[in-house]
Amino acid sequence: PLPASRLACELLRLRSSGSLRRLVLVRHGNTDRPPNDLDRQLTPVGFSQCASARERWATVHAPLVLCSRAWRTQQTAQCLYPNCEVHVLDCMYPEDGDDLCPNRIPWDALNETFNSTLGHAPLQTYLDHDGGRLSPLLDQYAANVWNEALPLAGRAGETGTLTMLSHSIFVSAIARYAASAFCLDDMCIRASQVGEVCGFVFDLEGCGSALPAAHYVESPVCD
């Protein structure tokens, strides 16, 4: 796994070189419910959410957006950033049965908890659930994502914006891992319920010698 200390070093190196100035982490929009989860697509509400959110998320052009294999994340990326290049990270949506952490809690164990017990609860609810059993899985998930994302950060373009489109608590897990790398207070990340087309922004530019500024962006209000 990618240690948080190495992530911090790499992010600071990319920032000091001017290659990376902003991290944007967003959840997909509202979707339909086909039998195969990977086939879920944005509904008219989802497209409307993206249209309403475009102004807040697309204030800076994102030439490259990293998405999961799920079509809904790619649709959301294309709606928010019409001219972006979409790059799929398989690790954002692991296969059922994949073992993601040292004590071998499989991905489908987390899926089962999500589907039957906790749903779209804040990240802290998952961290506390069942004596913290799911916490190392979420950390390993985030480490895997950052391990694949960092080599692509150099393609963030002139704006230096690296954007990721993922799923509910997994957006929070990715954000929390970045916050831990910078020794930031992650209370906002742990407590926020990541609704549709909302997430977190880390401002890596003009924030002193070490620490970035991070903030939560709420879901859009649609007419």
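Refer to the structure printed above.
All of the points below concern the structure found in this document.

Rules used in this analysis
- Residues numbered from 1 in each chain as written.
- Predicted model: local features only at pLDDT ≥ 70, side-chain atom pairs only at ≥ 80, totals over all residues.
- Heavy atoms only, no water.
- Salt bridge = Lys/Arg side-chain N within 4 Å of Asp/Glu carboxyl O.
- Buried < 20%, exposed > 50% of the residue type's maximum accessible area, 1.4 Å probe, protein only.
- Helix = DSSP H or I, 4+ residues; strand = E, 2+ residues; numbered from the N terminus.
- Expected span 1.5 Å × (residues − 1).
- Arc of directions from axis to C-beta.
- Contact = heavy atoms within 4.5 Å.
- Bend = angle between axes of the 7 residues up to and from the residue.

### A closer look at the pattern of salt bridges
A side chain with one charge may pair with a side chain of the opposite charge, provided their charged atoms come close.
Then comes step 1: Within this structure, the stated rule accounts for eight salt bridges.
Then comes step 2: For Asp37, the salt bridge is made with Arg40, and the minimal N-O distance between the two is 2.9 Å.
Then comes step 3: By relative accessible area, which is 9% here, Arg40 ends up buried.
Then comes step 4: Close ionic contact of Asp186 with Arg176 constitutes a salt bridge, the shortest N to O distance being 3.4 Å. Note that Asp186 is positioned in the loop between helix 7 (168-181) and helix 8 (187-191) and Arg176 in helix 7, a separation of ten residues in sequence. With respect to burial, Asp186 and Arg176 carry one shared label: buried.
Then comes step 5: Three or more residues are tied together by salt bridges with common partners; here these are Asp139, Arg176, Asp186 and Arg190.

### A look at helix 1 (residues 4-16)
What sets the pattern is the α-helix's 3.6 residues per turn: residues three or four places apart point alike.
Then comes step 1: Under the 1.5 Å per step criterion, the end-to-end length of helix 1 is 18 Å for 13 residues, consistent within 8% with the ideal 18 Å.
Then comes step 2: Three or more residues of helix 1 are buried, namely Leu7, Ala8, Leu11, Leu14 and Arg15. In a view along the axis of helix 1, the buried residues occupy a sector of 135 degrees, so they form one face of it. Turned more than 90 degrees off the buried face of helix 1, the exposed positions are Ser5, Cys9 and Ser16.
Then comes step 3: Those residues of helix 1 hidden inside the fold are in contact with strand 1 (22-27), helix 6 (135-149) and helix 7.
Then comes step 4: Gly18 occupies a position one or two residues after helix 1 and carries a positive phi of about 85 degrees.

### Brief notes about helix 2 (residues 44-57)
Then comes step 1: Here helix 2 is 14 residues long and its end C-alpha atoms lie 19 Å apart, about the 20 Å a rise of 1.5 Å per residue gives.
Then comes step 2: At Ala51, helix 2 is deflected by roughly 30 degrees, the largest bend along its length.
Then comes step 3: Residues of helix 2 that are buried: Gly46, Gln49, Cys50, Ala53 and Trp57.

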